[in-house]
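Architecture at a glance
Below are the chains, spelled out letter by letter.
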Amino acid sequence: MTTSLTAAILVADDDDISARYLKRILTREGHHVSVMTTADDVLEACAANPPDLVLIDLVAPQGQGFEVCRRLKEQAATRLIPVVIVTSQSDRRERLAGIDAGCDDFISKPFDSTELQARIRSLVKLKRYTDDLESAEAIILGLGATIEARDPTTRGHCQRLSHYATTLGRSIGLDQADLDALDRGGFLHDIGKIAVPDRVLLKDGSLDAQESRVMREHPVVGDALCAGLRSLVRVRPIVRHHHERLDGTGYPDGLRNTQVPLLAQIVAIVDVFDALTTERPYRTALPKPDAVGILMDEATKGWRDRALVDEFAALI
Ligand SMILES: [Fe+2]
């Protein structure tokens, strides 16, 4: 973890005098400052090498200050960079427009250099926390990949699951937040298998009662692993409930019908489909129509939602 509050700051300003002044104050504090004068340069630089903070002059660059802020806040890769809008006015409407564009703070001209430094220090501190959260999330996603690496027969399973799940989600009109959860859920649904020993996970043959019990704990273990991360709040129901069945015979909670979260139902369907259509040590891959037939049978038995299975069948 970085404890230093020395930051990489991007100043977006096409006024040479104010840009130089800002650069001088901030450099004196030990920050690394780069100055950009056009909106395109700012967006490009932030995407290529995200700074710790962006300072945008309200009227610059080229009067596109709000637009630059809005676009930074729209992109997942740059969303968490604090943006401070520099303004010479205390115009309420313009402040509201800045808030609307997603800016994190304002600083007024003429600069009070002590105030400027204090605000920047507090925003950089906040950015360090989000950086740490981001790396925690990257670690969890990396753990998801290790599950797949341990079991060579499931290679590519996570990517395919994310793809199938988001395709099905999109076709039934889910919003972007749900699609993002499905994408991550594809990678993380089996993360709890990290607690399943190799002799059980890789066993060539059916599991005995004790081994089944260990295996069936993976949704609860996975849910607990994801519990500390707020950014995974929509993914957790997928991790916990992807082995539930609508008739209540699934696990870990024996949920029924609409109690089973929709995103978990989607991942469950595509998980079964992918398992059936890829080769395993104990059987060859089934043709796609046969796998769809098995899902249809599961819908008839009351395990799956018929409409969801039909929708998926139509996509396949
Ligand atoms: Fe699973």
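Heads up: the structure comes first, above all this text.
Residues numbered from 1 in each chain as written. Predicted model: local features only at pLDDT ≥ 70, side-chain atom pairs only at ≥ 80, totals over all residues. Heavy atoms only, no water.

A separate point is the overall build of the chain. Within the chain, the secondary structure is distributed over 14 helices and five strands. Scaling as 2.2 N^0.38, a compact globule of 316 residues should have a C-alpha radius of gyration of about 20 Å, whereas the chain reaches 25 Å, well beyond that. Principal-axis analysis of the C-alpha atoms gives the chain an extent of 75 × 40 × 30 Å. In the chain, buried positions account for 43% of the 316 residues. Counting 39 positive and 48 negative side-chain charges, the chain places the averaged centre of each group 3 Å from the other. (Helix = DSSP H or I, 4+ residues; strand = E, 2+ residues; numbered from the N terminus. Rg over C-alpha atoms; globule rule 2.2 N^0.38 Å. Buried < 20%, exposed > 50% of the residue type's maximum accessible area, 1.4 Å probe, protein only. Lys, Arg positive; Asp, Glu negative; His and termini not counted. Charge placed at Lys NZ, Arg CZ, Asp CG, Glu CD.)

Tallying each qualifying case throughout the model produces 18 salt bridges. Where Arg 160 meets Asp 274, a salt bridge forms, and the shortest distance between an N and an O atom there is 2.6 Å. Of this pair, Arg 160 sits in helix H6 (residues 157-171) while Asp 274 sits in helix H12 (residues 262-277), placing them 114 residues apart in sequence. Exposure remark for Arg 160: the relative accessible area of 25% places this residue in the partly exposed category. A salt bridge links Asp 253 to Arg 240, with the nearest nitrogen and oxygen atoms 2.8 Å apart. On the criterion of sequence distance, the pair formed by Asp 253 in the loop between helix H11 (236-241) and H12 and Arg 240 in helix H11 is long-range, its members being 13 residues apart. Residue class for Arg 240 comes out partly exposed when judged on its relative accessible area of 22%. Through salt bridges with shared partners, one network takes in Asp 52, Lys 127, Arg 128 and Asp 131. (Salt bridge = Lys/Arg side-chain N within 4 Å of Asp/Glu carboxyl O.)

Moving on, we get to the coordination of the iron ion. Within the first shell, the iron ion binds the protein through Asp 190 (OD), His 218 (NE2), His 242 (NE2) and His 243 (NE2), at distances of 2.0 to 2.2 Å. All donors of the iron ion come from a single chain, and their spacing in sequence reads D-x27-H-x23-H-H. Remark: His 243 occurs in the loop between H11 and H12 and His 218 occurs in helix H10 (residues 218-226); sequence separation between them is 25 residues. Assessed through its relative accessible area of 2%, His 218 is described here as buried. (Donors = N, O, S within 2.8 Å, 3.2 Å for Na, K, Ca; no water.)

Here we come to the pairing of strand S1 (residues 8-12). Most of S1 sits inside the fold, with four of its five residues counted as buried. Here five bridges tie S1 to strand S2 (residues 32-36), and the two strands are oriented parallel to one another. Across the sheet, residue Val 11 finds its bridge partner in S2, namely Val 35. The parallel pair S1 and S2 is bridged by helix H1 (residues 16-28), and the resulting crossover is right-handed. For S1 and strand S3 (residues 53-57), the ladder comprises four bridges, and the chain directions are parallel. Pairing of Val 11 across the sheet is with Leu 55, part of S3. (Pairing = 2+ DSSP bridges. Right-handed = clockwise from strand over helix to strand, strands pointing away.)

With that settled, consider the sheet that holds S2. The strand order across the open sheet formed by five strands is S2-S1-S3-S4-S5, and the pairing between neighbours is parallel. The open sheet has two edge strands with one neighbour each: S2 and strand S5 (105-108). Across the sheet, the axes of successive neighbouring strands diverge by a mean angle of 25 degrees, strand direction being ignored. Two elements, S3 and strand S4 (residues 83-87), share four bridges in a ladder whose sense is parallel. Paired with Val 54 across the strands is Val 83, a residue of S4. Seen against the sheet, helix H2 (residues 39-48) touches S1, S2 and S3 and runs at an angle of roughly 165 degrees to S1. (Axes fitted to C-alpha atoms, helices over the stretch in contact; angles between N-to-C directions. Contact = heavy atoms within 4.5 Å.)

For the coordinates displayed, the defined rule picks out three aromatic pairs. Seen from their ring centres, Tyr 164 and Phe 273 are 5.4 Å apart, and the 90 degrees between their planes marks the pair as edge-to-face. Of this pair, Tyr 164 sits in helix H6 while Phe 273 sits in helix H12; the two residues are 109 residues apart in sequence, bridging distant segments of the chain. Residue classification places Phe 273 among the buried positions, given a relative accessible area of 0%. Plain terms: the ring middles of Tyr 164 and Phe 312 are 5.8 Å apart, the flat faces sit at 85 degrees to each other, and that makes the pair edge-to-face. Separated by 148 residues along the polypeptide, Tyr 164 in helix H6 and Phe 312 in helix H14 (residues 306-315) bring together distant segments of the chain. (Phe/Tyr/Trp six-rings, centres within 6.5 Å; stacked < 30°, edge-to-face > 60°.)

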